[in-house]
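Report on the structure
One letter stands for each residue in the lines below.
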Amino acid sequence: MLTLDPTRSSFVAESIPTGLMARLGHDLRMEAHDASGRIVDATHAEARFAVDALHVLESRRHGTSTWGPPPERDVGEIEERLRDQVFARIAALTVKATLDGAHADLEVTARDTWRGRVPVTVKHGENLVEVAGAATLSLRALGGEQPRVPLGVMQLEDAVVVRFRATFVG
């Protein structure tokens, strides 16, 4: 059986603020460090990501193009909002994928489930399968909640882009 190698895999999500004061906010890239998974059979894979292991990787001032280290003073608060507000009472996100040529049918579950079809690349090697692609997920469809900002002047866009490279070895 092939299992997910987290040291050779990456799962990065980008979120974008919206609203009246969005220009004062930061676009964020978050990475899931604690992942496990396996290849079930020739076309099916599954993975699990601990919400507590989501960490801010990079940020940029909203509307700019340059990514860099996030402001250290904000990292703890951002990660706490992710756990306590966006994914409240959710321990993990689970992903089930069915590979179909150059596409994968994904089922991503937090509190609720998002389903979609995304383009992927699949590489096969000796005792190795690597799947890479990107998906735009809806926080509302997953049952996630908007982070609370005073007076609601800034919100998180419902579309979160996840770029992934899952390497399974065995």
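Note: the structure precedes this text.
Residues numbered from 1 in each chain as written. Predicted model: local features only at pLDDT ≥ 70, side-chain atom pairs only at ≥ 80, totals over all residues. Heavy atoms only, no water.

Right, let's get into the overall build of the protein chain. Along the backbone of the protein chain there are 2 helices and 13 strands. Out of the 170 residues in the protein chain, the part that is buried amounts to 47%. Taking all contacts inside the protein chain whose residues are at least 6 apart in sequence as the whole, residues at least 24 apart take part in 61%. (Helix = DSSP H or I, 4+ residues; strand = E, 2+ residues; numbered from the N terminus. Buried < 20%, exposed > 50% of the residue type's maximum accessible area, 1.4 Å probe, protein only. Contact = heavy atoms within 4.5 Å.)

Counted under the stated rule, the structure contains 1 aromatic pair. Seen from their ring centres, Phe11 and Phe49 are 4.5 Å apart, and the 65 degrees between their planes marks the pair as edge-to-face. On the criterion of sequence distance, the pair formed by Phe11 in strand β2 (residues 10-15) and Phe49 in strand β6 (residues 44-50) is long-range, its members being 38 residues apart. With respect to burial, Phe11 and Phe49 carry one shared label: buried. The lysine or arginine in question, Arg29, covers the ring of Trp67, its NZ or CZ lying 3.9 Å from the ring centre. (Phe/Tyr/Trp six-rings, centres within 6.5 Å; stacked < 30°, edge-to-face > 60°. Lys NZ or Arg CZ within 6 Å of the ring centre and 35° of its normal.)

It is worth spelling out helix α1 (residues 72-86) at this point. Relative to the 21 Å expected for 15 residues at 1.5 Å per residue, α1 spans 20 Å between its end C-alpha atoms, a close match to the ideal helical length. Buried residues of α1: Val75, Glu79, Leu82, Gln85 and Val86, and no others. Buried residues in α1, looked at end-on, bunch into an arc of 165 degrees, giving them a common side. Each element contacted by the buried residues of α1 is listed here: β4 (26-32), β7 (54-61) and α2 (139-142). (Expected span 1.5 Å × (residues − 1). Arc of directions from axis to C-beta.)

A word on the pairing of β2. Counting buried positions along β2 yields 6 of 6 residues, so the element is predominantly enclosed. What you see with β2 is no split at all: Ser10, Val12 and Glu14 on one side and Phe11, Ala13 and Ser15 on the other are buried throughout. Two strands pair when backbone bridges link them, and β2 and strand β13 (residues 159-169) are joined in this way by 5 bridges, in the antiparallel orientation. Considered in β13, the bridge of Glu14 is made with Val161. (Pairing = 2+ DSSP bridges.)

Attention now goes to the nonpolar core. Counting 42 residues, the largest nonpolar core has Phe11, Phe87, Leu106 and Val108 as its most contacted members. The element best represented in this core is β13, accounting for 5 residues. (Core = buried A, V, L, I, M, F, W, Y, C linked by side-chain atoms within 4.5 Å.)

Strand direction decides the pairing type here: strand β8 (residues 92-100) and strand β9 (residues 103-109), joined by 7 bridges, are antiparallel. The residue of β9 that forms the bridge with Ala97 is Leu106. Hairpin connection, β8 to β9: the antiparallel pair is bridged by 2 residues, and Gly101 has positive phi, about 65 degrees. As defined by bridge partners, β9 adjoins strand β10 (residues 113-125) across 7 bridges and the pair is classed as antiparallel. Looking at the pairing, Thr109 lines up with Thr113 of β10. Linking two consecutive strands that pair antiparallel, namely β9 and β10, is a turn of 3 residues.

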